[in-house]
Amino acid sequence: MSVASLLARRLALLPQPLQFVVVGGCAAATHLAVVALLVQATRMAPLVANVLAFLVAFVVSYNGHALLTFASARARGWGVVARYFAVACLSFVANELLYAIALDWLHWHYLWSLAGVLVLVALATFVLAKFWAFRRRA
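Note that the structure is a prediction, hence the values are computed from the model and not measured.

## A few points about the overall build of the protein chain
Item 1. Along the backbone of the protein chain there are 5 helices and 0 strands.
Item 2. The N-to-C order of helical and strand elements in the protein chain reads α-α-α-α-α.
Item 3. Taken over C-alpha atoms, the radius of gyration comes to 16 Å for the protein chain, in line with the 14 Å a tight globule of 138 residues would show.
Item 4. Counting only C-alpha atoms and orienting by the principal axes, one finds that the protein chain spans roughly 45 × 35 × 25 Å.
Item 5. Within the protein chain, counting contacts between residues at least 6 apart in sequence, those at least 24 apart form 69% of the total.

The structure is reproduced here in structure tokens:
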């Protein structure tokens, strides 16, 4: 058995909220890494880099949640992608507003600010994803 399949089996045994945390952590790490790369390598403004990082992290998040966290719902197709993208966009709007406050009003470091904001919006994202975006349709 490969390391990847062993890891996938172990992750599938975790309770759903922990699966959400693992997938969300991977997406958040992707998000943070892309922001850091864009800001440091290109001197892009953090708020602009955050938009691009969101799009990259969405791919990680959707696939992780569809294949692991909410796999038992067997919710697939473009309708699910669209609903989850709506959830992600709503979460991102909250993310961007809170991020702007942390940067412009509180003058916190851009990476620490983003990390805190990502944690704050995670709970609402879980609830909306579980009970709306990935809910099994009849």
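## Thoughts on the nonpolar core
Item 1. Tyr62, Phe70, Tyr84 and Phe134 are the most contacted members of the largest nonpolar core, which has 18 residues in total.
Item 2. Ranked by residue count, the leading element in this core is helix 4 (residues 78-105), at 6 residues.
Item 3. The residues contacting Phe134, other than those within four sequence positions of it, are Tyr62, His65, Ala66, Phe70, Ala73, Ala75, Val80, Tyr84 and Ala129.
Item 4. The next biggest cluster of nonpolar side chains, apart from the first, holds 12 residues, and it includes Val34, Val35, Leu38 and Val117.

## A few points about the packing of helix 3 (residues 46-69) against helix 4
Item 1. In the contact formed by helix 3 and helix 4, the axes pass within 10 Å of each other and the chain directions differ by 145°. Between helix 3 and helix 4 the crossing geometry is right-handed.
Item 2. When its residues are assigned to classes, the contact of helix 3 with helix 4 shows 17 nonpolar, 4 polar and 2 charged.

## Some thoughts on the packing of aromatic side chains
Item 1. Using the criterion set out here, one finds 11 aromatic pairs in the structure.
Item 2. When the centroid spacing of 6.3 Å and the interplanar angle of 45° are considered together, the rings of Phe54 and Phe85 count as tilted. Highlighted residues: Phe54 in helix 3 and Phe85 in helix 4, separated in sequence by 31 residues.
Item 3. By way of ring pairs, the aromatic residues Phe20, Phe54, Phe58, Tyr62, Phe70, Tyr84, Phe85, Phe92, Phe126 and Phe134 are connected into one cluster.

## Some remarks on the packing of helix 2 (residues 16-42) against helix 5 (residues 110-133)
Item 1. The geometry of helix 2 relative to helix 5 is characterised by a closest axis approach of 10 Å and an angle of 145° between their N-to-C directions. Of the two elements, helix 2 crosses helix 5, and the hand of that crossing is right-handed. Listed contacts from helix 5 to Gln16, Pro17, Phe20, Ala28, His31, Leu32, Val35, Ala36, Val39 and Gln40 of helix 2 are Tyr110, Leu111, Leu114, Ala115, Leu118, Ala122, Thr125, Phe126 and Lys130.
Item 2. Per-class residue counts for the contact of helix 2 with helix 5 are 14 nonpolar, 4 polar and 1 charged.

## Thoughts on the confidence of the model for the protein chain
Item 1. Overall, the prediction assigns the protein chain a mean pLDDT of 91, with 99% of residues at 70 or greater.
Item 2. Highest mean pLDDT in the protein chain belongs to helix 2 (95); lowest belongs to helix 1 (residues 3-13) (83).

Definitions and cut-offs
Residues numbered from 1 in each chain as written. Predicted model: local features only at pLDDT ≥ 70, side-chain atom pairs only at ≥ 80, totals over all residues. Heavy atoms only, no water. Helix = DSSP H or I, 4+ residues; strand = E, 2+ residues; numbered from the N terminus. Rg over C-alpha atoms; globule rule 2.2 N^0.38 Å. Contact = heavy atoms within 4.5 Å. Core = buried A, V, L, I, M, F, W, Y, C linked by side-chain atoms within 4.5 Å. Buried < 20%, exposed > 50% of the residue type's maximum accessible area, 1.4 Å probe, protein only. Axes fitted to C-alpha atoms, helices over the stretch in contact; angles between N-to-C directions. Left-handed = near helix turned anticlockwise from the far one by under 90°. Nonpolar A, V, L, I, M, F, W, Y, C, P; charged D, E, K, R; others polar. Phe/Tyr/Trp six-rings, centres within 6.5 Å; stacked < 30°, edge-to-face > 60°. pLDDT = per-residue confidence, 0-100.

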